[in-house]
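Structural description and commentary
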Amino acid sequence: MPELPEVETVRRGLAPVMEGVRIAKADLRRPDLRWPFPPRMADRLTGATVLRLRRRSKYILADLDTGETLLVHLGMSGRMLVSGVSGRQMPGQFHHSHPAPEKHDHVVLDMDGGARVTFNDARRFGAMDLMDTASAELHPLLAVLGPEPLGNAFDGPMLAAALKDRRTPIKAALLDQRIVAGLGNIYVCEVLFRAGISPKRQAGRIATSRCEALVPIIREVLSDAIEAGGSSLRDHRQTDGELGYFQHSFKVYGREGGACVTPGCSATIRRIVQSGRSSFYCPSCQR
């Protein structure tokens, strides 16, 4: 499933052709994705102008001039693809050429000027919803989320307080969206490696200073991934169809049996299963 860096990469790719642009036509080619679409969704989107495109956790939010916000969740295989643009991400330069529709093109947004945004989702685990912008944070999918890891509300004392007395492994605690929003399995593995903390260590037993030191490491890992264009694992694509390439920078994720990259370390990367998810770590560097 795409994680925060992948979703942010998609948001940045969509912004030049969507922000400040009117949706000339919205076409829904099925009645649902993971859940049914809201009533009259195509009519409510058609004619609306996208005022702002933002991200909350792993959700893309498009604020409209109608007072509503379109929520998009990519799910496991969802892709947002842009066509009809001359040159990569060059707003205002359109050639009106679009690829032939694919089987899993479920939602198509034709924008003023000729750009087209297509939501393609083979497994249909993605989702879309419309909600009032003024009360968007009360939406059931958003109301339970903790602070953004790249935002000012997320800091060392806050994280240390949230982890205090927790008996769950630190890996599970960092995946808890109520503690910090948007962190997923891949990047938590990378964060814990950079921090030298074993994924098995009980969260509440990690010293306050080490908890607080996690914050800049989390930001660094996510920022590196966003800069690299997101990971290219499985079905993720950028909006222009190109693969991301951050997966080539993974230090532990997916590297079971490989040599640890830390200079002087002779250990090999191990994999364990925690709460049904694979954790990759170095048994020597991470304690």
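Just above, that's the structure.
Residues numbered from 1 in each chain as written. Predicted model: local features only at pLDDT ≥ 70, side-chain atom pairs only at ≥ 80, totals over all residues. Heavy atoms only, no water.

Re the nonpolar core
One recurring pattern in soluble globular proteins: nonpolar side chains tend to sit buried together. Leu159, Leu163, Ile170, Leu174, Tyr187, Leu214 and Ile218 are the most contacted members of the largest nonpolar core, which has 33 residues in total. Of all elements in the fold, only α3 (156-163), α4 (170-175), α5 (185-195) and α6 (208-228) reach the threshold of two or more residues within this core. At ten residues, the largest contribution of residues to this core is made by α6. If sequence neighbours within four positions are ignored, Ile218 has contacts with Pro149, Phe154, Leu174, Leu183 and Val191. Listed in part, the 32 residues of the second largest apolar core include Val17, Met80, Met111 and Val117. (Core = buried A, V, L, I, M, F, W, Y, C linked by side-chain atoms within 4.5 Å. Buried < 20%, exposed > 50% of the residue type's maximum accessible area, 1.4 Å probe, protein only. Helix = DSSP H or I, 4+ residues; strand = E, 2+ residues; numbered from the N terminus. Contact = heavy atoms within 4.5 Å.)

Points about α3
Turning to α3, its buried residues are Gly156, Leu159, Ala160 and Leu163. Mapping the buried residues of α3 onto a view down its axis gives an arc of 100°, with all of them on the same face. Away from its buried face, by an angle of more than 90 degrees, α3 presents the exposed residues Pro157 and Ala161. Those residues of α3 that are buried lie in contact with α4 and α6. Of the residues trailing α3, Asp165 is marked for its positive phi of about 70°. (Arc of directions from axis to C-beta.)

Looking at the sheet that holds strand β4 (residues 68-73)
Read from one edge to the other, the open sheet built from four strands follows the order β2-β3-β4-β8, with strand pairing classed as antiparallel. The sheet terminates laterally at β2 (50-56) and β8 (127-132), the two strands that pair on one side only. Each adjacent strand pair in this sheet contributes to an overall mean axis angle of 20°, direction not counted. Here strand β3 (residues 59-64) pairs with β4 via five bridges, running antiparallel. Each bridged residue has a counterpart across the sheet, and for Ala62 the counterpart in β4 is Leu70. Sitting on the sheet, helix α1 (residues 4-18) is in contact with β2 and β3, with an inclination near 175° to β2. (Pairing = 2+ DSSP bridges. Axes fitted to C-alpha atoms, helices over the stretch in contact; angles between N-to-C directions.)

Re the state of the cysteines
Under the criterion given, the structure shown has zero disulfides. Cys189 supplies the cysteine sulfur nearest to Cys211, a cysteine that is in no disulfide, at a spacing of 18 Å. (Disulfide = S-S within 2.5 Å.)

Observations regarding the pairing of strand β6 (residues 105-111)
β6 sits mainly inside the fold: six of its seven residues count as buried. Of the strand pairs in this sheet, strand β1 (residues 23-28) and β6 are connected by five bridges, and their pairing is antiparallel. Along β6, the bridge assignment pairs Lys25 with Asp110. Of the strand pairs in this sheet, β6 and strand β7 (residues 116-120) are connected by five bridges, and their pairing is antiparallel. Counted as the bridge partner of Leu109 is Val117 from β7. Counting the residues in the hairpin turn of β6 and β7 gives four residues, including Gly113, whose phi is positive at 100°.

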